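Given next are the chains, with one letter for each unit.
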Number of protein chains: 2
Amino acid sequence: MRAGRSTVIFEKPPAIVASSSTVGKKEGEGPLREDFDYVLSDDTYGEESWEKAESKLQKETVKRLLEKTGMVDREVNYILAGDLLNQCAGANYAMRNFDVPFLGLYGACSTMAESMMIGAMLIGGGVAENAICVTSSHFCSAEKQYRYPLEYGGQRSPTTQWTVTGSGAVLLTNGKGIARIRSVTTGKVIDMGTNDANNMGAAMAPAACDTLLSIFEETKTGPKDYDLILTGDLGVIGSDILRDLMNRKGYDIYENHNDCGMLIFDIKQQDVHSGGSGCGCCGSVFAGHIIKLITEKKINKMILIATGALMNPLAIFQGETIPAIAHGLVIERED
Amino acid sequence: MRAGRSTVIFEKPPAIVASSSTVGKKEGEGPLREDFDYVLSDDTYGEESWEKAESKLQKETVKRLLEKTGMVDREVNYILAGDLLNQCAGANYAMRNFDVPFLGLYGACSTMAESMMIGAMLIGGGVAENAICVTSSHFCSAEKQYRYPLEYGGQRSPTTQWTVTGSGAVLLTNGKGIARIRSVTTGKVIDMGTNDANNMGAAMAPAACDTLLSIFEETKTGPKDYDLILTGDLGVIGSDILRDLMNRKGYDIYENHNDCGMLIFDIKQQDVHSGGSGCGCCGSVFAGHIIKLITEKKINKMILIATGALMNPLAIFQGETIPAIAHGLVIERED
């Protein structure tokens, strides 16, 4: 079942049974607009603060997931969730609405992959029958917390990414589903000395490379075995770096690599510089767009590899560099 | 293997093989001083900031754990870690020093129990052979982030707890050890409407009660089956509330309940008001004091139940109440 140092290949691969996605107004104007379940008309979501709006994103996304599946919360073994807010307040406040054992995670923008990975390991090991995995991010709460208040109107540097307002949730079970998680590969913390918090793609690309190499080596596969190698939110700059790093290691992923942060926005028309980011980027793109492509048989086998930049603003002010991580899953359509 | 809604009883219970603990100067002057592996003479730990000192606490505690066991990092399947700093920076920066797949967690002061619980589930389900579980907290970084800068010299309210400067780590494996984790019980997010961030014991006690009831019901045991029921850091006030709540539910835990936050300090002499708190409280007391008592055969069977208050300061400023969680483990000495 364990393969190499980082990978678990499942004898009974857990199934992805259903998904639910919610995005903000801007994301709803992007190229994937038709693939999301719910698009906000107003990013406050009727709440008094951006933080409360973000928490509501997770709550409502989970509620819609339960509605889709016809389940009630008491039938769910675990919810695994996290987000970017200090002390993961988005997830914590959302989860008081559900009568479900809760596992709080923090993996920055890798959290969607982390939650699905741990959920899959609990189900694959027979410890759980099902689990809901969910994450969120909100442009306004993230700008305020990580950079400047919106009212300040600071100019964004060309390498920045645009935090997605959105949430994605999936239900994993030990039964049948849309797709199966064949294997999971857990990342190590990689810090190559990047210290520009406005260029997180560059900080995260080496972590994505490290985990992708582990996946290929430990599952004995290569880029041609996959219809899609999808990173979470490296954006344009980070994706370029990853492709080149992989090329140097002897793997050509130029053709079948794509990135959630590049898919969710029309990069030039929507003025998002290097592309989308945030836990909700990978979350909503996977739960909305990708699950649709799998259902339509346009993807048979893919790698989902979400990256996270693990710094906080204070660490950067104190002169620290940016540690990063990437977690990967091999996902295959169920016939 | 699953029992009730929240508990997993292991057919092959994972073993706690070794532990390592580090505490600050004040903690090293408390009643448990002899039980910790390493006591700092200066809480800066030779670093330029409290945050860097906290991160070093985790790094050095894991290093000493590896030294004790004779293992090198590449032999470890997973490190599960978290802390109280924004974006869990204590754990994230520490883990870049180890070549080990990393799972980042956030459960506030419940993180030590959460990490051991997930680690045990991965090992119990056959997905991992071993895992290191580690947490930390630091009085100075916590005061600065959650309350006031130390220089401000704010008066502490009588119900406050004193964040422990410390770190605890344990190595879990599928082999033999000092003790075995018989079962794990995952908490739900409980919010009873408390909104006083200076009285976190009161906010967390109902979550501890909920999880403790689940443990008793789902493992078909009662208080008398345990030598010790040890909560993480309810402190004096929260412990009183928990004992009374349990009494109302028909369980008398007055005799065998204790709390890490009450054990680590001489409550009156050391001027810590309601007692110790922080991820490092449960972490260091369990990894130091409790593991020693188990080794000395003074504890045969116990419950470890660590609680976390899941708010952040901004949420409290925005008028929110405090959601809380508690995760519990049944631990039995190995003959």
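These lines cover the structure that appears in this document, whether it is placed above or below. All values derive from a computational prediction rather than experimental measurement.

### Some thoughts on the layout of surface pockets
Okay, so step 1: Taken as a whole, the largest pocket holds about 1000 Å³ of empty space.
Okay, so step 2: Taken together, the elements giving at least two residues each to the lining of the largest pocket come down to α4 (139-146) and α9 (313-317) of chain A together with α4 (139-146) and α9 (313-317) of chain B.
Okay, so step 3: Counting residues per element, the lining of the largest pocket draws most heavily on α4 of chain A, which supplies six residues.
Okay, so step 4: Here the lining of the largest pocket is composed, by residue class, of 18 nonpolar, 14 polar and eight charged.
Okay, so step 5: A volume near 440 Å³ is recorded for the second largest pocket.
Okay, so step 6: Surrounding the second largest pocket, 20 residues form its lining, Glu143, Tyr146, Arg147, Tyr148 and Asn198 of chain B being those nearest its centre.
Okay, so step 7: Contributing elements (two or more residues each) for the lining of the second largest pocket: α4 and α9 of chain B.
Okay, so step 8: Within the lining of the second largest pocket, the residues separate by chemical class into eleven nonpolar, six polar and three charged.

### Here's the deal with the interface of chain B and chain A
Okay, so step 1: The interface of chain B with chain A comprises 63 residues on the first partner and 63 residues on the second.
Okay, so step 2: With both sides pooled, the region where chain B packs onto chain A buries about 5100 Å², and carbon together with sulfur makes up 53% of that total.
Okay, so step 3: Connecting chain B to chain A are eight salt bridges.
Okay, so step 4: With a closest N to O distance of 2.5 Å, arginine 96 of chain A and aspartate 191 of chain B form a salt bridge.
Okay, so step 5: Counting across the chain B and chain A interface gives 38 residue pairs in polar contact (both at pLDDT 80 or more).
Okay, so step 6: Among the secondary structure elements, those contributing two or more residues to the side of chain B that touches chain A are α1 (50-69), α2 (89-95), β6 (102-104), α3 (111-124), α4, α9 and β15 (324-333) of chain B.
Okay, so step 7: Top contributing element to the side of chain B that touches chain A by residue count: α3 of chain B, with five residues.
Okay, so step 8: Class assignment for the residues of the side of chain B that touches chain A results in 33 nonpolar, 16 polar and 14 charged.

### Concerning the relation of the copies chain B and chain A
To go from the first copy of the chain to the second, apply a rotation about an axis and then a shift along the same axis.
Okay, so step 1: With an RMSD of 0.0 Å, the fit of chain B onto chain A corresponds to turning through 180° and sliding 0.0 Å along the axis. Taken together, the rotation and translation describe the operation of a two-fold axis.
Okay, so step 2: Same-surface contact between copies: 100% of interface residues of chain B are shared with the interface of chain A.

What counts, and at which threshold
Residues numbered from 1 in each chain as written. Chains lettered and ligands numbered in written order. Predicted model: local features only at pLDDT ≥ 70, side-chain atom pairs only at ≥ 80, totals over all residues. Heavy atoms only, no water. 1 Å grid on protein atoms, 1.4 Å probe; cavity = no way out; pocket = protein on both sides within 12 Å on 5 of 7 lines; lining within 4 Å. Points joined across faces, edges and corners; volume = space filled by probe spheres on them. Helix = DSSP H or I, 4+ residues; strand = E, 2+ residues; numbered from the N terminus. Nonpolar A, V, L, I, M, F, W, Y, C, P; charged D, E, K, R; others polar. Contact = heavy atoms within 4.5 Å. Buried area = accessible area lost by both parts, 1.4 Å probe. Salt bridge = Lys/Arg side-chain N within 4 Å of Asp/Glu carboxyl O. Polar contact = N/O pair within 3.5 Å; in protein donor to acceptor, adjacent residues only side chain to side chain. Least-squares fit on C-alpha atoms with pLDDT ≥ 70 in both.

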